[in-house]
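Residue-level listing of the chains:
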Amino acid sequence: MGSRSRGGRGCRLLLLLLHLLSLRSSLLPWSAVSAARGGGSGDPYIGVTIGTAVTNLLSPSDLAEFLRAQRITHVRLYDADPRFLSALASSGARAIVGVPNDELLALGSSPATASAWVARRVLPYAGANSSSPGLITAIAVGDEVPTALPSALPVLLPAIQSLAAALAAANLSSIPVSTPLPFSVVLDPFPPSQAFFNQSLAKSFLLPLLSHLANTSTPLMLNLYPYYSLMQSNGVIPLDNALFKPLPPSLEMVDPNTLLHYTNVFDAMLDAVHVAVKNLNVSGGGGVPVLVTETGWPSYGDRKAEPYATRDNADAYNSNLIKHVTDKPGTPMRPGAQASVYIYELFNEDLRPGPVSEANWGLFHGNGTPVYLLHVSGTGGFLANDTTDRTFCIASDDADEKSVQAAMDWACGPGRTDCTAIQPGQGCYEPNDVRSHASYAFDSYYQSQGKAAGSCYFQGAGMVTTTDPSHDSCIFPGSKLLSNVTKSDGANTTTAQTSDAEGSAIWRLRTGRETGFLFALRWLLSMMLVVITSNSNFWR
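Small disclaimer: the values here were computed from a predicted structure and weren't measured.

Cut-off values and rules
- Residues numbered from 1 in each chain as written.
- Predicted model: local features only at pLDDT ≥ 70, side-chain atom pairs only at ≥ 80, totals over all residues.
- Heavy atoms only, no water.
- Phe/Tyr/Trp six-rings, centres within 6.5 Å; stacked < 30°, edge-to-face > 60°.
- Helix = DSSP H or I, 4+ residues; strand = E, 2+ residues; numbered from the N terminus.
- Buried < 20%, exposed > 50% of the residue type's maximum accessible area, 1.4 Å probe, protein only.
- Arc of directions from axis to C-beta.
- Contact = heavy atoms within 4.5 Å.
- 1 Å grid on protein atoms, 1.4 Å probe; cavity = no way out; pocket = protein on both sides within 12 Å on 5 of 7 lines; lining within 4 Å.
- Points joined across faces, edges and corners; volume = space filled by probe spheres on them.
- Nonpolar A, V, L, I, M, F, W, Y, C, P; charged D, E, K, R; others polar.
- Domains from an automatic or database assignment.

Visitor: How should the packing of aromatic side chains be read in this particular structure?
Guide: Geometrically, a pair of aromatic rings is defined through the distance of the ring centres and the angle of the planes. Counted under the stated rule, the structure contains 19 aromatic pairs. For the ring pair Tyr227 and Trp361, a centre distance of 5.6 Å and an interplane angle of 90 degrees mean the geometry is edge-to-face. On the criterion of sequence distance, the pair formed by Tyr227 in helix α10 (residues 226-232) and Trp361 in the loop between β13 (341-343) and β14 (392-395) is long-range, its members being 134 residues apart. Each member of the pair, Tyr227 together with Trp361, is buried. Relative to Phe458, the ring of Trp410 lies with its centre 6.4 Å away and its plane at 65 degrees, an arrangement referred to as edge-to-face. With Trp410 in helix α14 (residues 401-412) and Phe458 in the loop between α15 (434-448) and β15 (462-465), the pair connects residues that are 48 residues apart, well separated along the chain. Residue Trp410 is classed as partly exposed on the basis of its relative accessible area, which comes to 37%. With relative accessibility at 10%, the residue Phe458 sits in the buried group. An aromatic cluster of three or more residues is present, and its members are Tyr225, Tyr227, Tyr228, Phe244, Phe266, Trp297, Tyr317, Tyr344 and Trp361.

Visitor: Before we go on, may I ask you to explain helix α3 (residues 82-89) in this structure?
Guide: Since the α-helix packs 3.6 residues into each turn, any two residues three or four apart lie on the same face. For α3, every residue scored as buried is listed here: Phe84, Leu85, Ala87 and Leu88. For α3, the arc enclosing every buried residue in end-on projection is 165 degrees, short of the 170-degree limit, so these residues lie on one face. Against α2 (60-69), β2 (74-77), β3 (94-99), α5 (111-121) and α6 (123-126) lie the buried residues of α3.

Visitor: Before we go on, may I ask you to explain the layout of surface pockets in this structure?
Guide: Rolled over the atoms, a probe as big as a water molecule pinpoints where empty space is left. For the largest pocket, the calculated volume is near 770 Å³. Arg311, His365, Val371, Asp398 and Met463 are, among the 28 residues lining the largest pocket, the residues nearest its centre. No other element matches β15, which puts three residues into the lining of the largest pocket. Looking at the lining of the largest pocket, its residues break down into eleven nonpolar, twelve polar and five charged. For the lining of the largest pocket, the two domains that each supply at least three residues are domain 1 (46-364) and domain 2 (392-481). Estimates place the volume of the second largest pocket at around 480 Å³. At the level of elements, α10 and β10 (253-254) are the ones that each hand at least two residues to the lining of the second largest pocket.

Take it as geometry only, folks, not as evidence of what the structure does.
In structure tokens:
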């Protein structure tokens, strides 16, 4: 950022002030990608699922702000919580809302109950009188019912049909109604050309369901995990094939029946579904498109039971998945027909029971800091969680206070870090606690080392984040808010400029304190007073 002299004409300050005021009403530009019928057609997009088994989950309003800051425009909710929908309505995001499995019996056995559900859960956010008619893009009825709650299968399709009828009666037939199925309903998926549906479900459940979806131009929702295919392959599937990494031709999967080459497991699984659908001879409509309602990779798991659950692998899978979808390649069987995808999941659900990996599928921790840094540059701006220059080093949430204190002592001593700002009376002294002071010291060292690999380790006490930890008048060394400003005597000082909207949003989420805009505005006003008192020509 170029320097700006504080001794310029007053009109320049006024123009800059007006410019900032205009920025106040236009936060970070981002656009929602349209997709007709909930992902069945239109440009493919990437969304994220949001589970709520998270300690100290962001409030609905903060969550909406977080989504905006991260440029996330499509989300999948597992229920239709009116608090979250009301908040999302102001964020511009679009949502798939869910019907929990325990509500299927009531909806499937009573059309009146389905109508009441639509009136209560959908109409306030998608009806003609709604302030955000495009908020709800689809309704996901149940979740993996064939394996999670097989006793509810008889009422699943009636529930879907009753909800679709209720939407049509409310002039909302444009909202598709489907159900997310587990990939396990597809048998013998490799090679894809020989895949077929589980015969115990095919005629009794899947054929009627797919016929309904075809007749209503609604996508088949599918939860698809190459991670589990890799785990169950007993070494047959190469890890790189599951992670979208390039393979030599000799290692590419070739379907002997079609001679099609598969460079990744994800595409092979999608084509297996297409073949299984085709084998059922589904009638009506123009076919059944697929919407991937869940896919992802855990960043941590039991070392022996799940050796592939690592941050590096999770980063590789999700980063490459985003590039794969945004490049719109389609699959070998259906080139150019790329499915839209929802990444599982936004936050680590640390309260989920089960294996260690169950709590470690998120892109972010519950406090909004990234679990790992994605490599998604050049993919249309999805996620601000990227390996850009905007990274900081802060005290790790997992490190104990003694380790953090020792690391800070080293940084401010042998590490020769400038820790002046955290001394009493200085801008970053408050809050006066070890982690806050250490975060500033860690970032100061990290930035002074050019963000070199290992410069944020501090024996495990440090962690890299893309979230700007600056607050109030405390501006961290790595912040975009820093700018060298030349004093009249030629000395350099550091002062705050207005943040971009993303930075302001993250400030509010992490600290609940004054936004970057208001801080910059206060600074500008103070500078104007200086000019007024020192320049008699100001009003001329």
